[in-house]
Amino acid sequence: QVQLVESGGGLVQAGGSLRLTCAPSRNIGVFKVMAWHRQVPGAQRELVARITAGGETQYLDSVKDRFTISKNRLGNTVYLQMNSLKPDDTAVYYCNSFLGNVGYWGQGTQVTVSS
């Protein structure tokens, strides 16, 4: 019954910033990897950023100089700081975290960037 709960999405003008947060509805342990994906209607979901338990990060090339993924000290909450947002960043953003080999997904949060 545990769920990943996302927050922080919304409407922002181009050049603005948003910070997404994803936390489990109850504590189930330390995730070995946490990630953010995004999806535009009619397109495939794509990986935006990920962070491992050891702190290693990876980014989609188009966001690597603008977005920062991070996690809390307990390793159960993941953040995505999005700066210099562009209209092309508009999508539904989903968090995805793995506890061992068990993956959990958030419900998605809408990010809309106006021009």
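For every chain, the first residue of the written sequence is number 1, and numbering continues from 1 along that sequence. Per-residue local features are limited, in this predicted model, to residues with pLDDT of at least 70; the limit for side-chain atom pairs, both in listing and counting, is 80 or more; totals at the level of whole chains, interfaces and linings are taken over all residues. By convention in this description, side-chain values take in all heavy atoms of the structure and omit both hydrogens and water.

Caption draft 1: Structural view of the nonpolar core. Judged by nonpolar contacts, the single largest core of 25 residues is most densely connected at W36, V48, F67, V78, L80, M82 and Y93. With sequence-adjacent residues up to four places away left out, M82 is seen in contact with G16, S17, L18, L20, R66, F67, Y93 and V111. Put simply, a nonpolar core is a bunch of buried Ala, Val, Leu, Ile, Met, Phe, Trp, Tyr and Cys residues held in one set by side-chain atoms that sit within 4.5 Å of each other. Only protein chains enter the area calculation, which uses a 1.4 Å probe; residues under 20% of their type maximum are buried, those over 50% are exposed, and those in between are partly exposed. The contact rule is simple, with two residues in contact once any of their heavy atoms fall within 4.5 Å.

Caption draft 2: Local environment of the state of the cysteines. Two cysteine sulfur atoms make up a disulfide if the distance between them is within 2.5 Å. Under the criterion given, the structure shown has 1 disulfide. Each sulfur in the disulfide pair C22 and C95 lies 1.9 Å from the other. Looking down the S-S bond of the C22 and C95 bridge, the torsion is 50 degrees, so its handedness is right-handed. With C22 in strand β3 (residues 18-24) and C95 in strand β9 (residues 91-99), this residue pair connects regions lying 73 residues apart in the sequence. Across the pair, C95 and C22 agree in class, each one buried. Helix and strand definitions follow DSSP, with helices as H or I runs of at least four residues and strands as E runs of at least two, each counted in order from the N terminus.

Caption draft 3: Examining unusual backbone geometry more closely. At S84, a residue that is not glycine, the phi angle is positive and equals roughly 50 degrees. Examined against the element boundaries, S84 turns out to sit in the loop between β8 (78-82) and β9.

Caption draft 4: Examining the packing of aromatic side chains more closely. Any two rings among Phe, Tyr and Trp, with Trp reduced to its six-membered ring, count as a pair given centres within 6.5 Å; such a pair is stacked if its planes are under 30 degrees apart, edge-to-face if over 60, and tilted if neither. One pass over the full model with this rule turns up 1 aromatic pair. An angle of 70 degrees between the planes, with centres 6.3 Å apart, marks the rings of F31 and Y104 as edge-to-face. Highlighted residues: F31 in the loop between β3 and β4 (33-39) and Y104 in strand β10 (residues 102-105), separated in sequence by 73 residues. Think of it as a cone above the ring: NZ of Lys or CZ of Arg counts as a charge over the ring if it is within 6 Å of the ring centre and within 35 degrees of the ring normal. Above the face of the Y94 ring, R45 is positioned so that its terminal group lies 3.7 Å from the ring centre.

Caption draft 5: Summary view of the pairing of strand β11 (residues 109-114). In β11, alternate side chains face the same way, and those of T109, V111 and V113 are buried while those of Q110, T112 and S114 on the opposite face are not. A pair of strands is treated as paired once DSSP finds two or more bridges between them. Bridge count for β9 against β11 is 3 bridges, and the pairing is antiparallel. Counterpart to Y93 in the pairing with β11 is T109.

Caption draft 6: Seen up close, the environment of K86. Among the secondary structure elements, K86 is positioned in the loop between β8 and β9. When residues no more than four places from it in sequence are discounted, the contact partners of K86 are R66 and V113.

Caption draft 7: Layout of the environment of A14. Position of A14 relative to the elements: it lies in the loop between β2 (10-13) and β3. Among the residues examined, A14 registers a relative accessible area of 36% and is labelled partly exposed. In this structure the C-alpha to C-alpha distance between A14 and K86, which are 72 residues apart in sequence, comes to 5.0 Å. Excluding anything up to four places from it in sequence, A14 contacts L85, P87, V113, S114 and S115.

Caption draft 8: The arrangement of the side chain of R66 in detail. With respect to the helices and strands, the residue R66 is situated in the loop between β6 (57-59) and β7 (67-71). You can call R66 buried: its relative accessible area is 11%. For the purposes of these results, a polar contact is taken to be a pair of N or O atoms within 3.5 Å, where, inside protein, one atom must be able to donate a hydrogen and its partner to accept one; residues adjacent in sequence count only when each atom of the pair is a side-chain atom. A distance of 3.0 Å separates the side chain of R66 from the backbone oxygen of S84, its partner in a polar contact.

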